[in-house]
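Residue-level structural notes
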Amino acid sequence: MERTMVQKRKGRGKKIFFRVLVHTILILCSITMLVPFLWMISCSLKDIDELFMAPPVWIPKHIAWENYVYMFEQAPWGTYFINTIVITVFTILGQLITCSMAAYAFARLKFKGRNALFVVYLGTMMIPFQVVMIPQFQIIKVLGLIDNIWSLIIIGIFNAFGTFLLRQFFLTLPRELEEAAMIDGCSYPRIFWEVILKNSKPALMTLVIFTFMNTWNDFLRPLIFLNNQENWTLSMGLAKFQGTYVTQWNQMMAGALISMLPILVVYMFAQKYFVQGIVMSGIKD
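Description of the structure in this document. What you see is a predicted model; the values in this text were computed from it and never measured. (Residues numbered from 1 in each chain as written. Predicted model: local features only at pLDDT ≥ 70, side-chain atom pairs only at ≥ 80, totals over all residues. Heavy atoms only, no water.)

1. Observations concerning the overall build of the protein chain
Scanning the protein chain for helices and strands turns up 14 helices and 0 strands. Order of helices (α) and strands (β) in the protein chain, N terminus to C terminus: α-α-α-α-α-α-α-α-α-α-α-α-α-α. For the protein chain, the exposed area adds up to about 18,000 Å²; of that, 68% sits on carbon and sulfur atoms. (Helix = DSSP H or I, 4+ residues; strand = E, 2+ residues; numbered from the N terminus. Areas by Shrake-Rupley, 256 points an atom, 1.4 Å probe, with all protein chains shown as cover.)

If you want it as C-alpha cells, here you go:
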C-alpha cells in the first residue's frame, strides 16, 4: 500500500515537473516574441537622439508624439488605408466564395479524377510567387488592370491553402446532416449553404484571419502591379520612408505600429474561432 502511494506521488511529481517545464518554455518563447513588439513601440515614441543611445533606453524621457504626426503629414496615409482595406475586404470575400465552393466539391461531391485533381491543386502551393509573378503580370497587362487595385483582388481570390483548410474541416462534418437534408428535398446549393457553411464558422474565420494577414502585409504584389501613389497600400507607403542613405527609424516604427493595429484587433476578436478552426481541421481521408 505504501509502495503504491509512493509511486503515485512520484507520478504526480513528474507531471508537475513537466508542466512547470512546458510553461517555462512557453513563457520564454512568448517573451522572445513580445520583446521586438515592445521595442517597436518604444522606438516609435523616441526622438532621434535617444534612438541610438547605448545602452538602449526602453522608456523614452521625452514622448515624441510628433513621429506619428509627421507620418500623416508626409504621406496620404488615409488613402493608403482605404486602398488596403478595399483590397483586403474584397480578397477575403472572394476567397470565402471560391475556396468554400472548391472545398465542398473536393470533400463531398464524387467525380472522376477528384483526388488526382486535388493533389495537383495542392501542388501549386509548392510553387513560389517569384516563379509565377511574370506570367501573372502578363495576364494582368492583357486585362488592362496594371496600376489598378482590382489586379491584386483578382489574383488574390484564388488560394490553394484556403481550399485545403476548408476541405479538411468539411470532412469532419457528419454526413447524416446532408442525408437528412436530401430526404427533405434540399438541392446541393442549399445543402452547401444551410448545412455546410452554417456549421463551418470556425474554419471560415480561420481562413478570414489568414487571408487578412497575408493581404494586409503583402508588399511584393502591390510593388509589381501598382505605380501611381494614389493606389499604393500601407506596405508600400512604409517602404517610402526607408531612404537610400538615411532612414528615420523612429518614424518608420510609428508607421509600422499604425499598420499593425488592425491585424491585432482582428486576431483578438476572432481568436476563439481561429483556435477551433485549426484544431478541428485535422487530416482526414
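2. Remarks on the packing of helix α5 (residues 114-123) against helix α8 (residues 160-171)
Angle between the axes and distance between the axes: these two values describe a pair of packed helices. Two numbers describe how α5 lies on α8: the axes approach to 8 Å, and their chain directions differ by 135°. The orientation of α5 relative to α8 falls into the category oblique. The crossing of α5 and α8 is left-handed. Residues F118, Y121 and L122 of α5 pack against A160, T163, F164 and R167 of α8. Tallied by class, residues from the contact of α5 with α8 come to 5 nonpolar, 1 polar and 1 charged. (Axes fitted to C-alpha atoms, helices over the stretch in contact; angles between N-to-C directions. Parallel < 35°, antiparallel > 145°, perpendicular 65-115°, else oblique. Left-handed = near helix turned anticlockwise from the far one by under 90°. Contact = heavy atoms within 4.5 Å. Nonpolar A, V, L, I, M, F, W, Y, C, P; charged D, E, K, R; others polar.)

3. Observations regarding the packing of aromatic side chains
The final tally for this structure, using the stated rule, is 13 aromatic pairs. With 6.2 Å between their ring centres and 15° between their planes, F137 and F225 make a pair best called stacked. Placement of the pair is F137 in helix α6 (residues 129-143) and F225 in helix α12 (residues 220-225), with a sequence separation of 88 residues. Pairwise contacts between aromatic rings join F106, F111, F118, Y121 and F164 into one cluster. Against the face of F118 rests R167, its NZ or CZ located 4.2 Å from the ring centre. Over the ring of F129 we find R221; its NZ or CZ atom is 4.2 Å from the centre of that ring. (Phe/Tyr/Trp six-rings, centres within 6.5 Å; stacked < 30°, edge-to-face > 60°. Lys NZ or Arg CZ within 6 Å of the ring centre and 35° of its normal.)

4. As for the side chain of S200
Topologically, S200 is positioned in the loop between α10 (188-196) and α11 (201-216). Since its relative accessible area comes to 0%, S200 is described here as buried. The residues touching S200, leaving out its near neighbours within four places in the chain, are F169, F170 and L173. (Buried < 20%, exposed > 50% of the residue type's maximum accessible area, 1.4 Å probe, protein only.)

5. Side note on the packing of helix α4 (residues 77-108) against α11
At their nearest, the axes of α4 and α11 sit 9 Å apart, and the two run at 140° to each other. Relative to α11, the crossing made by α4 is right-handed. Of the residues in α11, those touching α4 at F81, T84, I85, I87, T88, T91, I92, Q95, L96 and C99 are L204, L207, V208, T211, F212, T215 and W216. Split into classes, the residues belonging to the contact of α4 with α11 amount to 11 nonpolar, 6 polar and no charged.

6. Here we look at the nonpolar core
Formed by 36 residues in total, the largest nonpolar core has its most connected members in Y68, M71, W77, Y80, W216, L234 and F241. For this core, the element with the highest residue contribution is helix α14 (residues 249-280), accounting for 7 residues. The next biggest cluster of nonpolar side chains, apart from the first, holds 20 residues, and it includes L165, L166, L171 and C186. (Core = buried A, V, L, I, M, F, W, Y, C linked by side-chain atoms within 4.5 Å.)

7. Focus on the environment of K61
Along the chain, the position of K61 falls in the loop between α2 (48-51) and α3 (66-74). Judged by its relative accessible area of 78%, K61 falls in the exposed class. Once the C-alpha coordinates of K61 and L45 are considered, the two residues, 16 residues apart in sequence, prove to be 9.6 Å apart.

8. Thoughts on the environment of N214
Inspection of the secondary structure assignment puts N214 in helix α11. Looking at N214, the relative accessible area reads 55%, which means it is exposed. Taking the C-alpha atoms as reference points, N214 and G156, separated by 58 residues in sequence, lie 9.7 Å from one another.

9. Here we look at unusual backbone geometry
Its identity as a non-glycine residue notwithstanding, D147 has a phi of 65°, on the positive side. In this fold, D147 is placed in the loop between α6 and α7 (149-156).

10. A closer look at a nonpolar patch on the surface
On the surface, I27, L28, I31, L34, V35, L38, W58 and I59 cluster together to form a nonpolar patch covering roughly 780 Å² of accessible area. Here I31 is to be found in helix α1 (residues 2-44). What makes I31 partly exposed here is its relative accessible area of 44%. (Patch = residues over 30% accessible without salt bridge, like charges linked within 9 Å, V, L, I, M, F, W, Y side chains within 5 Å. Salt bridge = Lys/Arg side-chain N within 4 Å of Asp/Glu carboxyl O.)

11. Focus: the environment of G162
Structurally, G162 can be placed in helix α8. In sequence terms G162 and T206 are 44 residues apart; their C-alpha atoms lie 9.2 Å from each other. Not counting the four nearest positions on each side in its chain, G162 is found in contact with C99 and L207.

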